[in-house]
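Summary of the model geometry
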Amino acid sequence: MTTTTLAPLLRAEGVTVRFGGLLALGDVGLAVPPGTVVGLIGPNGAGKTTLFNVLSGVVRPQQGRVVWKGRPLRGHRPHHLAGLGIARTLQGLNLFPGLSVLDNVIVGADRLAGGGMPAMLTGLGGYQRDERRLRDKAMAVLEDFGVADAAHAMPQTLPYGVQKRAALARAVVAEPELLMLDEPASGLSGADITELGDRIRAFGRRMGVLLVEHHMDLVMGICDHIVVLNFGEVIASGSPAVIRADPAVAQAYLGASVREGSDD
Ligand SMILES: Nc1ncnc2c1ncn2[C@@H]1O[C@H](COP(=O)(O)OP(=O)(O)O)[C@@H](O)[C@H]1O
Ligand SMILES: [Mg+2]
């Protein structure tokens, strides 16, 4: 799918973030159109998570802005994301340890809960019919992710790969318009990464996806468009083929170990 003809869901414009004397992001722009998987890559410390946090309302940029469907977001916070139609998964595991896998996914299914502790689980009245509906929906998504067997288990008792799938199930159960993933492949290997890639590709047909990832192969295989950060600046932007052929990208990833002229 082409990335240039559709109005973006989410856009970062001229985003600059400094941590003390460190320029974490310098005048960074990025756009995620609907039905598109946009990859954000770059070496460790490049600023990927910082940009993810600016988009999520965790970090306020000193300059620049975040625009959602043409409307600038002013002072947005992470708990506003669900209401806007944005879901995210963070680096590592972020399931609530005191809730079963199923209840974790139900939390994700209730946009109004916004990722906080849902009132419906505390037994407040008026939620019972909704709870049945959400429970069915959450169960269906767990089945789709091949982890329905783990529905009633506590997350911390499960293998890492199962927890990662459950976290992803929680993010997509409310059918967000935009899904933001920060290093979803971290801690996974081989077949699990391949399966994750297929899943993200499938999400990308239903919603916009912003994929922050370290695994080059995964990103190259499933993204429509890729933005490369290095030392807080966009050094390349384009299709996987364009990025693969860009010498500045190879240089950034391999640094001093690149032997001049060895690849071309
Ligand atoms: N809260 C913070 N305070 C100070 N420096 C930070 C903070 N968060 C990130 N940094 C620094 O900003 C740079 C970018 O970090 P980060 O966005 O985590 O990179 P990436 O996700 O690409 O590995 C790094 O040099 C990191 O040490
Ligand atoms: Mg990071």
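Residues numbered from 1 in each chain as written. Chains lettered and ligands numbered in written order. Predicted model: local features only at pLDDT ≥ 70, side-chain atom pairs only at ≥ 80, totals over all residues. Heavy atoms only, no water.

The name given to the chain in an unreviewed UniProt entry is Branched-chain amino acid transport system ATP-binding protein, with Spinactinospora alkalitolerans as the source organism.

Some points on the side chain of Asn104
If you trace the backbone, Asn104 turns up in helix H3 (residues 101-109). Among all residues touching Asn104, those that are not within four sequence positions of it are Leu95, Phe96, Leu99, Pro155 and Arg170. (Helix = DSSP H or I, 4+ residues; strand = E, 2+ residues; numbered from the N terminus. Contact = heavy atoms within 4.5 Å.)

Quick word on the sheet that holds strand E9 (residues 225-230)
The mixed open sheet is built from six strands, whose spatial order is E6-E7-E8-E3-E9-E10. Each edge of the sheet is formed by a strand with only one pairing partner; in this case those strands are strand E6 (86-89) and strand E10 (233-238). Along the sheet, successive strands turn relative to each other by an average axial angle of 15°, direction set aside. Alignment of strand E7 (residues 178-182) against strand E8 (residues 208-212), held across five bridges, turns out to be parallel. Opposite Asp182, over in E8, you have Val212 as the bridge partner. In the packing of helix H5 (residues 160-172) onto the sheet, contacts are made with E6 and E7, and the angle to E6 comes to roughly 170°. Lying on the sheet, helix H6 (residues 190-206) is in contact with strand E3 (37-41), E7 and E8; it crosses E8 at an angle near 145°. (Pairing = 2+ DSSP bridges. Axes fitted to C-alpha atoms, helices over the stretch in contact; angles between N-to-C directions.)

Concerning the packing of aromatic side chains
One pass over the full model with this rule turns up one aromatic pair. Centre to centre, the rings of Phe145 and Phe203 are 6.2 Å apart; their planes meet at 25°, and the pair counts as stacked. In this pair, Phe145 sits in the loop between helix H4 (128-144) and H5 while Phe203 sits in helix H6, placing the two residues 58 residues apart along the sequence. Both residues of the pair, Phe145 and Phe203, belong to the buried class. Here the guanidinium or amino end of Arg170 rests over the ring plane of Phe96, the centre of that ring lying 5.4 Å away. Its end group placed over the ring of Phe145, Arg199 keeps NZ or CZ at 4.3 Å from the ring centre. (Phe/Tyr/Trp six-rings, centres within 6.5 Å; stacked < 30°, edge-to-face > 60°. Buried < 20%, exposed > 50% of the residue type's maximum accessible area, 1.4 Å probe, protein only. Lys NZ or Arg CZ within 6 Å of the ring centre and 35° of its normal.)

Here we look at the coordination of the magnesium ion (ligand 2)
Metal coordination angles in their ideal form are 109.5 degrees for the four-donor tetrahedron and 90 or 180 degrees for the six-donor octahedron. In this structure, Thr49 (OG1) and Gln91 (OE1) serve as the protein donors to the magnesium ion (ligand 2), at separations of 2.1 to 2.8 Å. Highlighted residues: Thr49 in helix H1 (residues 48-56) and Gln91 in the loop between E6 and H3, separated in sequence by 42 residues. (Donors = N, O, S within 2.8 Å, 3.2 Å for Na, K, Ca; no water.)

Thoughts on the packing of H3 against H5
Close contact between H3 and H5 brings their axes to 7 Å; oriented N to C, the two are set at 30°. The pairing of H3 with H5 is recorded here as roughly parallel in orientation. Pair H3 / H5 crosses with right-handed handedness. Between H3 and H5, the contacting residues are Val101, Asn104, Val105 and Gly108 on the first element and Ala166, Ala169 and Arg170 on the second. Each residue belonging to the contact of H3 with H5 can be placed in one class, and the counts come to four nonpolar, two polar and one charged. (Parallel < 35°, antiparallel > 145°, perpendicular 65-115°, else oblique. Left-handed = near helix turned anticlockwise from the far one by under 90°. Nonpolar A, V, L, I, M, F, W, Y, C, P; charged D, E, K, R; others polar.)

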